[in-house]
Amino acid sequence: MAAVNEWLNGYLEAILDVGSSVRKKNDGKLKNNIAKFEEQQKYEKEEKLFNPTTKYFVQEVVNSFDEHDLYRTWVKVTATRNSSRDRSNRLENMCWRIWHLTRKKKQIAWDDAQRLARRRLDREQGRNDAANDLSELSEGEKEKGDANANASESVKDNMSRISSEMQLWSEDHNSRNLYIVLISIHGLVRGENMELGRDSDTGGQVKYVVELARALANTKGIYRVDLLTRQIASPGEVDSSYGEPIEMLSCPSDGSDCGGAYIIRLPCGPRDKYIPKESLWPHLPEFVDGALSHIVNMARVLGEQVNGGKPTWPYVIHGHYADAGEVAAQLSGALNVPMVLTGHSLGRNKFEQLLKQGRLSREAINATYKIMRRIEAEELGVDAAEMVVTSTRQEIEEQWGLYDGFDLKLERKLRVRQRRRVSCLGRHMPRMVVIPPGMDFSYVTTQDSVEGEGDLNSLIGSDRAQSKRNLPPIWSEIMRFFTNPHKPTILALSRPDPKKNVMTLLKAFGECQALRKLANLTLILGNRDDIEEMSNSSSTVLTMVLKLIDKYDLYGQVAYPKHHKQSDVPEIYRLAAKTKGVFINPALVEPFGLTLIEAAAYGLPVVATKNGGPVDILKALNNGLLIDPHDQKAIEDALLKLVADKNLWQECRKNGLKNIHRFSWPEHCRNYLSHVEHGKNRRSTSRLEITPTAEEPVSDSLKDVEDISFRFSTEGDSKLNGEMDPAARQKQIIEAIMCRVSSTGNSNVSYFPGRRQKLVVIAADCYDDDGNIAEAFQDIITNVMKAVRLGIRSGSVGVVLLTGLSLQETIEALNRFQVNIEEFDAVVCNSGSEMYYPWKDLMADADYEAHVEYAWPGENIRSTIPRLARIDDGEENDIVEYASGCSSRCFSYSVKPGAMIRKIDELRQRLRMRGLRCNLVYTHAGLRLNVIPLFSSRKQALRYLSVKWGIDLSKVVVFVGEKGDTDYEELMAGIQKTLVLKGLVEYGSERLLHSEDSYKREDVFSQDSPNIIYAEKSYEDSDISEILENLKVS
């Protein structure tokens, strides 16, 4: 114990030494610096008041000692005040501060452990509920299942297990001209000279998505691949290439104008600033709308080229990481195409690790990493995805298994029921598939695949200086560090991140004399100019690396070059292979381990962590050894074994080269497309048709007008206001159209929404405190209709109503307000689940109903909602079904005033735990709950109309109040112009949206967006006409 306390004292003395230098430098302002330092610890905003070593010391002390040790150290300090009293006082204060941090850490850990325990209990209850519902098959289901099982002896059904009955992608698909969309938003993405390692956002994911796009474009049957990413036009900050809207990755094989692979850069937040991924969340809706516009335009163009004029919609939309996963989910819902998700790294796993460390509170973690916003995006991705691509089985079981929306046992139960073709009772679970990332082997030459010389004699010779110019520049840069460059090289290549565990590797190398005699160590740790200008975590790691090199006197044995290019990486692997070296990845946890595959392709045996993806990689390649990254002795033994045993080295080399084809890009693409094709059988085949936009005069002949009018009257299945017979209705429409033509004198008038150039949307949620429609609802509708009257008559402007009311409630309200419902181009009711066209006799849009039905539980969820929405000690009548508001796509529930019910976040979580996917909206001032399909919402309905009618969302104006229903945040975001009218909505439902532990509104949309306009006056005094005129809508 004495030794432990002496070690702690040494740390404290080192801290004081730094504090003294800071005090002298800043003219005696040590107290201010300490206060600032404490504030930084709270918000994780460190500004270099103490150097990285000091911060590392404090973290080590807090993580390594309990209160008993700290107390004994303080007693020792107070008992030995025979030196400078000022120094002793500061040492005592520092000791007390660390003691306080440790106690705070334990309290944080305890509180969060309690939260996690409660969440696990909720998940377990949800899983049990779902399992009980699915555990027994009815007699009819059993008979149906047995019949299907017998039939499958001769014909295998397409819902069976993937591993046994999935058809592989083959040459039969050559004639298919498919369009694939990949999305990877954050970081710096370009095709050549990728700046990997520049920051934490520009890493292996960037390389992966670029190479995947190229590989897919080179696969037979794929016509075009678009990789969508963020556009950054900040020449002083990043290269100008990141501001180019289009970059070609591969040329089309048939010489067409549009085929091949491309990077498409779209606006997402301020274009003139490179911002980290944690700050991108409020700008994602803008990216969704821009991506939607691009995809629709591309669908038209490709349709003209390869599909006989019909739009060519994406075969699949694939989101990479949480941010792109959310974007892909929204686009999948808007276009009704399958979605695939790859997490790359997961928020829940990171969140639990940070909580266990205890250095930051839950609130501080959320503020720093926006972790709850990220987790919700990942949960939404799981809700929407047909398939989730993982690199390893460990990722499925130990990482995705943490999510509310996925359970491995429940997924297997659903798979069995699907094979039997029996009901899953509304449950949906995405398929998790293991498809290891591919690798581009074009840089691997024939010489890399055959046995090398084993040393550098033939390359360097006896006079190293004279032959240096014949070597690759990076070889010379590395070898200048070594006293003897002929020794085998142990190579580690990663970011300077504490999770990569480079310091344990250095300690293992430094303390093993046998290893030091046999080998050199090369550390490729990103690029740097000045360590002090790097991020805190990177500078801490690099500082400790330099200190350990000095501690063990490893000069001449360790190389740590400051710079390397991406094009240098193959040469770095070659150098290690030429010396019969070893590649090591000692990360604490490695989700996959792409560098292990790269090393194997160049003939390098590997040593890798046993935590994560390397387990599956080494099982496939059989070219190295697994180690416990926390066991320094295990690292020493594994490296020594491979370096010293040449026979083992040769065997590992040969195995790696023989099996490396399993990780090639062609193999990856075949597996990927086979899984996607298999999953598409579970998706609706409904596709959007885009209304032609060419103008046709309506006054050329009365017959043309009659034809259009007759189609309006008779098209569709249902009429909800059948007060007059079709002939009378037809006559009325003809008279109305001719009246409009004669009154405006414009022969190009069209009453067809496809001719609209702009849309004005009323989405204000005006209710009183009893949940009844307020008079303000009438005022806003009347004022907007007056303001756009001329535009309606000319046919250039259309009006759409988006509301949480049912259709019957909407009709009654408009009749009471004496507003003609036929002046609306579309009426979207029940929070976006239903769409009606007044100019088609209020016919429901059947295509929209099919469009949003994916994963809709239907009647299976009807009785579940009241039980889950009530708080545990709530009363039965706190929430009951509102029958008159229900329909096939919406179940409505009335909430008793003052009742304690669950918020949207909490209720959605409990539904996900049971495999139920839907959208939830509190409306009517929080006194009604609408449960609707996952992909239906008022904003998604607006996107649907923009695609169907060919109206860009930037030409849409949406009127809202300062508050609203719980889908209010979604309506505010995007590229449409959103006009916020003061005082329009008095009672909203936002209080029922987010729980205390959830993310904040500023993480959903940017409140200072130029697309959001806040009216300076109240809605009664605002001149709607003037506002619309300024927006060029009239």
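Small disclaimer: the values here were computed from a predicted structure and weren't measured. (Residues numbered from 1 in each chain as written. Predicted model: local features only at pLDDT ≥ 70, side-chain atom pairs only at ≥ 80, totals over all residues. Heavy atoms only, no water.)

Colleague: Which parts of the structure should I look at to understand the pairing of strand β22 (residues 919-923)?
Modeller: Within a regular strand, side chains alternate between the sheet's two faces. Counting buried positions along β22 yields five of five residues, so the element is predominantly enclosed. By the alternation rule, side chains of β22 split into Asn919, Val921 and Thr923 and Leu920 and Tyr922, which are all buried. Examined bridge by bridge, β22 and strand β23 (residues 928-932) share five bridges and lie antiparallel to one another. Residue pairing in the sheet places Leu920 in a bridge with Val931 of β23. (Buried < 20%, exposed > 50% of the residue type's maximum accessible area, 1.4 Å probe, protein only. Helix = DSSP H or I, 4+ residues; strand = E, 2+ residues; numbered from the N terminus. Pairing = 2+ DSSP bridges.)

Colleague: Teacher, can you tell me more about the sheet that holds strand β6 (residues 339-342) here?
Modeller: Note on sheets: strands pair through backbone hydrogen bonds, and any given pair is parallel or antiparallel. Spatially, eight strands are ordered β3-β4-β2-β1-β5-β6-β7-β8 in an open sheet, and the strand pairing comes out mixed. This sheet does not close on itself; its edge strands, each paired only once, are β3 (246-250) and β8 (431-434). When strand polarity is set aside, the average angle formed by the axes of neighbouring strands in this sheet is 25 degrees. Note that β6 and strand β7 (residues 387-390) share three bridges and pair parallel. Its bridge partner being in β7, Val340 is matched across the sheet by Met387. (Axes fitted to C-alpha atoms, helices over the stretch in contact; angles between N-to-C directions.)

Colleague: I'm lost on empty space enclosed by the protein in this one. Help?
Modeller: Gaps between atoms show up when a probe of the same size as a water molecule is rolled over them. The full count for this structure, using the stated rule, is nine cavities of 30 Å³ or more. Taken as a whole, the largest cavity spans an internal volume of roughly 690 Å³. Forming the boundary of the largest cavity are 33 residues, of which Gln330, Leu380, Arg908, Asn919 and Glu970 lie nearest the centre. Of all the elements in the fold, those that place two or more residues in the lining of the largest cavity are α9 (284-306), α10 (321-335), α13 (371-384), α36 (904-913), β22, α37 (938-949) and α38 (968-972). (1 Å grid on protein atoms, 1.4 Å probe; cavity = no way out; pocket = protein on both sides within 12 Å on 5 of 7 lines; lining within 4 Å. Points joined across faces, edges and corners; volume = space filled by probe spheres on them.)

Colleague: Help me understand the packing of α10 against α37 in this model?
Modeller: Helix-helix packing is characterised by the crossing angle of the two axes and by the distance between the axes. In the contact formed by α10 and α37, the axes pass within 9 Å of each other and the chain directions differ by 55 degrees. With respect to α37, the element α10 is oriented oblique. As for the relative orientation of α10 and α37, their crossing is right-handed in sense. Contacts between α10 and α37 involve Gln330, Gly333, Ala334 and Leu335 from the first element and Gln940, Arg943 and Val947 from the second. Of the residues assigned to the contact of α10 with α37, the class counts are three nonpolar, three polar and one charged. (Parallel < 35°, antiparallel > 145°, perpendicular 65-115°, else oblique. Left-handed = near helix turned anticlockwise from the far one by under 90°. Contact = heavy atoms within 4.5 Å. Nonpolar A, V, L, I, M, F, W, Y, C, P; charged D, E, K, R; others polar.)

Colleague: Is there a simple way to explain the environment of Arg119 in this structure?
Modeller: With respect to the helices and strands, Arg119 occurs in helix α5 (residues 85-135). For Arg119, a relative accessible area of 13% corresponds to the buried category. Each C-alpha atom, one on Arg119 and one on Gln909, is 9.8 Å from the other, the two residues being 790 residues apart in sequence. The contacts of Arg119, once residues within four sequence positions are left out, are Arg348, Leu402, Tyr403, Asp404, Gln909 and Met913.

Colleague: It is not clear to me how the environment of Asp122 should be interpreted in this structure. Could you clarify?
Modeller: Topologically, Asp122 is positioned in helix α5. The spatial distance from the C-alpha of Asp122 to the C-alpha of Gln909 is 9.2 Å, given a sequence separation of 787 residues. Excluding anything up to four places from it in sequence, Asp122 contacts Arg910 and Met913.

Colleague: Which parts of the structure should I look at to understand the pattern of salt bridges?
Modeller: Opposite charge on two side chains allows them to pair when their charged atoms are near. Summed over all chains, the structure comprises 49 salt bridges. One salt bridge connects Arg176 with Glu677, and the closest N-O pair in it is separated by 3.3 Å. You can see Arg176 sitting in the loop between α7 (162-165) and β1 (178-183) and its partner Glu677 sitting in helix α28 (residues 665-679), a full 501 residues away along the chain. Arg176 sits in the partly exposed class, given a relative accessible area of 25%. Glu677 gets classed as partly exposed once you look at its relative accessible area, which sits at 25%. (Salt bridge = Lys/Arg side-chain N within 4 Å of Asp/Glu carboxyl O.)

Colleague: Just checking my understanding: could you explain the packing of aromatic side chains for this structure?
Modeller: A complete count under the given rule lists eleven aromatic pairs for this structure. Where Tyr573 meets Tyr602, the ring centres are 5.4 Å apart and the plane angle is 10 degrees; that geometry is what we call stacked. Pair noted here: Tyr573 is in helix α23 (residues 569-578) and Tyr602 is in the loop between α24 (594-601) and β13 (606-609), with a separation of 29 residues, a long-range link. Owing to a relative accessible area of 1%, Tyr573 belongs among the buried residues under this scheme. Aromatic pair Tyr854 and Phe935: ring centres 5.9 Å apart, planes at 15 degrees, arrangement stacked. In this pair, Tyr854 sits in the loop between α34 (846-851) and α35 (864-869) while Phe935 sits in the loop between β23 and α37, placing the two residues 81 residues apart along the sequence. Accessibility assignment for this pair places Tyr854 and Phe935 in one class, buried. Here a set of aromatic residues connected by ring pairs shows up, and it is made of Tyr573, Phe583 and Tyr602. Looking at Arg373, its charged tip hangs above the ring of Tyr999, at a distance of 5.4 Å from the centre. (Phe/Tyr/Trp six-rings, centres within 6.5 Å; stacked < 30°, edge-to-face > 60°. Lys NZ or Arg CZ within 6 Å of the ring centre and 35° of its normal.)

Colleague: Quick question: what am I supposed to make of the packing of helix α26 (residues 632-644) against helix α27 (residues 646-659) here?
Modeller: Where α26 meets α27, the closest approach of the two axes is 5 Å, and the angle between their N-to-C directions is 90 degrees. The angle between α26 and α27 falls in the class roughly perpendicular. In this structure, α26 contributes Lys641, Leu642, Val643 and Ala644 to the contact, and α27 contributes Lys646, Leu648, Trp649 and Cys652. Taken together, the residues of the contact of α26 with α27 break down into six nonpolar, no polar and two charged.

Colleague: Quick question: what am I supposed to make of the pairing of strand β5 (residues 316-320) here?
Modeller: Of all five residues in β5, five are buried; the element is thus mostly enclosed. Residue alternation in β5 divides its side chains into two sets, Val316, His318 and His320 and Ile317 and Gly319, and both sets are buried. The pairing of β1 with β5 spans four bridges and is classified as parallel. The residue of β5 that forms the bridge with Ile180 is Val316. The pairing of β5 with β6 spans four bridges and is classified as parallel. Its bridge partner lying in β6, His318 is registered against Val340. Between the parallel pair β5 and β6, the chain is carried across by α10, and the sense of this crossover is right-handed. (Right-handed = clockwise from strand over helix to strand, strands pointing away.)

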